[in-house]
Amino acid sequence: MSDILVVDDERDIRELICDILRDEGYTTRMAGNSDDCMAELNRAAPGLMILDIWLKDSNMDGIDILSHVKRDNPEVPVVIISGHGNIEIAVAAIKQGAYDFIEKPFNIDQLLVVIRRAMEASKLRRENASLRRQDGRTAEMVGNGAAFRALKSQLDKVTKSNGRVMLTGGPGAGKEMAARYVHANSNRADAPFVIVSSAAIQPEEMEVKLFGRESAERGTEQGLLEQAHGGVIYFDEVADMPLGTQSKILRVLVDQSFSRVGGTAKVRVDLRVISSTSRDLVAEIAEGRFREELYHRLNVVPIEVPSLEDRRDDIPELARHFIAEFNREQGLSVRELGEDAVTLLQTMRWPGNVRQLRNMI
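The rules we used
Sequence order as written defines the numbering, with residues in each chain counted from 1. Per-residue local features of the predicted model are confined to residues with pLDDT of at least 70, and side-chain atom pairs are confined, for both listing and counting, to 80 or more; whole-chain, interface and lining totals are unaffected and use all residues. By convention in this description, side-chain values take in all heavy atoms of the structure and omit both hydrogens and water. Strands here are runs of E lasting at least two residues and helices are runs of H or I lasting at least four, both read from the DSSP assignment and numbered beginning at the N terminus. Burial here depends on accessible area, computed with a 1.4 Å probe over protein chains only, as a share of the maximum for the residue type. Under 20% is buried, over 50% is exposed, and the range in between is partly exposed. In what follows, a contact means two residues having at least one pair of non-hydrogen atoms within 4.5 Å. The sign given to each residue is positive for Lys and Arg and negative for Asp and Glu; His and the chain ends receive no count. By convention, the point assigned to a charge is CZ for Arg, NZ for Lys, CD for Glu and CG for Asp. Put simply, buried Ala, Val, Leu, Ile, Met, Phe, Trp, Tyr and Cys residues joined by side-chain atoms within 4.5 Å make one nonpolar core. Here a cavity denotes a set of grid points, spaced 1 Å apart and computed over the protein atoms alone, in which a 1.4 Å probe fits but from which it cannot get out, and a pocket denotes an open set meeting protein on both sides within 12 Å along at least five of seven lines; residues with an atom within 4 Å of a point are reported as lining. Grid points are joined across faces, edges and corners, and a volume is the space filled by probe spheres set on the points. Here the term charged refers only to Asp, Glu, Lys and Arg, the term nonpolar to Ala, Val, Leu, Ile, Met, Phe, Trp, Tyr, Cys and Pro, and the term polar to all other amino acids, Gly among them. Each reported salt bridge corresponds to a side-chain nitrogen of Lys or Arg within 4 Å of a carboxyl oxygen of Asp or Glu. At least two bridges found by DSSP between two strands is the condition for calling them paired. Each axis is a line fitted through C-alpha atoms, and for a helix only the stretch in contact is used; angles between axes span 0 to 180 degrees, taken between their N-to-C directions.

Asker: Looking at this model, I keep getting lost on the overall build of the protein chain. Mind explaining?
Answerer: In terms of helices and strands, the protein chain carries 15 helices and 14 strands. Counting only C-alpha atoms, the protein chain reaches 80 × 50 × 35 Å along its principal axes. Counting the 361 residues in the protein chain, one finds 45% classified as buried. Within the protein chain, contacts between residues at least 6 apart in sequence are counted, and of these 71% link residues at least 24 apart. Here the protein chain holds 47 positive side-chain charges and 57 negative ones, and the gap between their average locations is 3 Å.

Asker: What exactly am I supposed to notice about the nonpolar core here?
Answerer: What tends to happen in soluble globular proteins is that the nonpolar side chains get buried as a cluster. Membership of the largest hydrophobic core comes to 30 residues, with the highest contact counts inside it found for Leu225, Ile233, Phe235 and Ile249. Secondary-structure elements contributing two or more residues to this core are strand S7 (193–197), helix H8 (206–211), helix H9 (224–227), strand S10 (232–236), helix H10 (243–255), helix H11 (281–286) and helix H12 (292–298). The dominant element in this core, judged by the number of residues it contributes, is H10, at four residues. For isoleucine 249, the contacting residues outside a window of four places in its chain are Leu210, Phe211, Leu225, Phe235, Met241 and Leu294.

Asker: Teacher, can you tell me more about the side chain of glutamate 237 here?
Answerer: Mapped onto the secondary structure, glutamate 237 falls in the loop between S10 and H10. Note on glutamate 237: relative accessible area 14%, which makes it buried. Look past the residues within four positions of glutamate 237 in its chain and what remains in contact with it is Lys175, Ser198, Ser276, Thr277 and Ser278.

Asker: So what exactly am I meant to see when it comes to empty space enclosed by the protein here?
Answerer: Per the counting criterion, the structure on display carries one cavity of 30 Å³ or more. Computed from the structure, the largest cavity encloses a volume of approximately 40 Å³. Every residue along the wall of the largest cavity is listed here: Leu225, Ile233, Phe235, Ile249, Val252, Leu253, Gln256, Leu271 and Val273. The set of elements that each furnish at least two residues to the lining of the largest cavity consists of S10 and H10. Counting residues per element, the lining of the largest cavity draws most heavily on H10, at three residues. A per-class count over the lining of the largest cavity returns eight nonpolar, one polar and no charged.

Asker: Teacher, can you tell me more about the pattern of salt bridges here?
Answerer: Two side chains of opposite charge can pair, provided their charged atoms sit close to one another. Tallied over the full model, the rule gives 23 salt bridges. In this structure, arginine 279 engages glutamate 284 in a salt bridge whose closest nitrogen and oxygen atoms are separated by 3.3 Å. With a closest N to O distance of 3.0 Å, arginine 311 and aspartate 314 form a salt bridge. For the pair formed by arginine 311 and aspartate 314, the shared burial category is buried. A single network of salt bridges, built from pairs that share partners, joins Asp8, Glu10, Asp52 and Lys104.

Asker: How do you make sense of unusual backbone geometry when you look at a structure like this?
Answerer: Keep in mind that most residues, glycine aside, have a negative phi and that most peptide bonds are trans. Across the junction of lysine 104 and proline 105, the peptide omega takes the value -10°, indicating a cis bond. Assignment of secondary structure puts proline 105 in the loop between strand S5 (100–103) and helix H5 (108–133). Although it is not a glycine, aspartate 57 sits at a positive phi angle of roughly 55°. The residue aspartate 57 is located in the loop between strand S3 (48–52) and helix H3 (62–72) in this model. Overall, aspartate 57 belongs to the exposed group, its relative accessible area being 80%. With a phi close to 50°, glutamate 237 is a non-glycine residue in the positive phi region.

Asker: Quick question: what am I supposed to make of the sheet that holds strand S1 (residues 3–7) here?
Answerer: As summarised here, the arrangement of the five strands in space is S2-S1-S3-S4-S5, forming an open sheet in which the pairing is parallel. Each of the sheet's edge strands pairs with one partner strand only, and the pair in question is strand S2 (27–31) and S5. Direction aside, neighbouring strands of the sheet carry axes that sit 20° apart on average. Two strands pair when backbone bridges link them, and S1 and S2 are joined in this way by five bridges, in the parallel orientation. Bridging from a neighbouring strand, leucine 5 pairs with arginine 29 of S2. Where helix H1 (residues 11–23) meets the sheet, it contacts S1, S2, S3 and strand S4 (78–82), and its direction lies at approximately 170° from that of S2. Packed on one face of the sheet, H3 meets S3 and S4 and runs near 160° to S3.

All quantities given are derived from atomic positions and should not be read as evidence of function.
Have a look at this one:
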């Protein structure tokens, strides 16, 4: 990201900085007061901010803006500049999370060095966060039967959009794999893919897990929604989400913002939502266990993931794929599947679907 937001109340200064940065190949935006700055931040988070401490005719000074940025967009490095700087202000800025502090009048070469280092450090942090999020699972779809080809065709139609997708199908049918495939082939492929395991999170912990928390003892803790910013949030088995949380998720889908538990400030997020369920949500709505409005918000593009019973032609290919996978990951022997074994696998019942087949292998 080479987009730099320059915030300074002196027009000549901000225009000079922007001209120099553009000559260096960066794209720039400008703001002369706190209101314009916050408007630019809400429009899109920059790759880096150059922020003056003292802003005339503004509701907030640079330290106030810095605290907002570090709360809502902690990955954005901020370089503080000031013509009235002293060691106390510099220390306060660094404590609030500023990358560095430069006093006016500054040397342009010095500023460029700090910017390059800040952006490189930010890039490394994003790469490290991405590596931590990876769990070794791929988005490889295996099969060639008619049911599989129909599924893949439906998924391919939604990969490049931001439309909300609802995946239905039995346990173990491959709904998460389908969600990963959409993410991996989308414009958000380099952004996070975050799973909310609705059935695995205790109801009393759900809101903290989703929205994060602010407290004097722990400071600011990011929730899963914030961790997914810019990417995909996958609600696995969404029917298991508590009713109270459902109403709050509905508000997030409408506003694209929320408040952390214990906090009051709004956190803005850019998310694509994919959900899955093995239950009949229409029946769940009739029983009062699922909010109808949330269902309509999530069920924009419904896609059914076929059971293994409907994909019997794919069983030999899936079995060989799992054999190769276990050989690669665990060093187990590569064994050929005889015709009798293939026939037996294709005639068995598979109530656990692809997951059951993988466990069998």
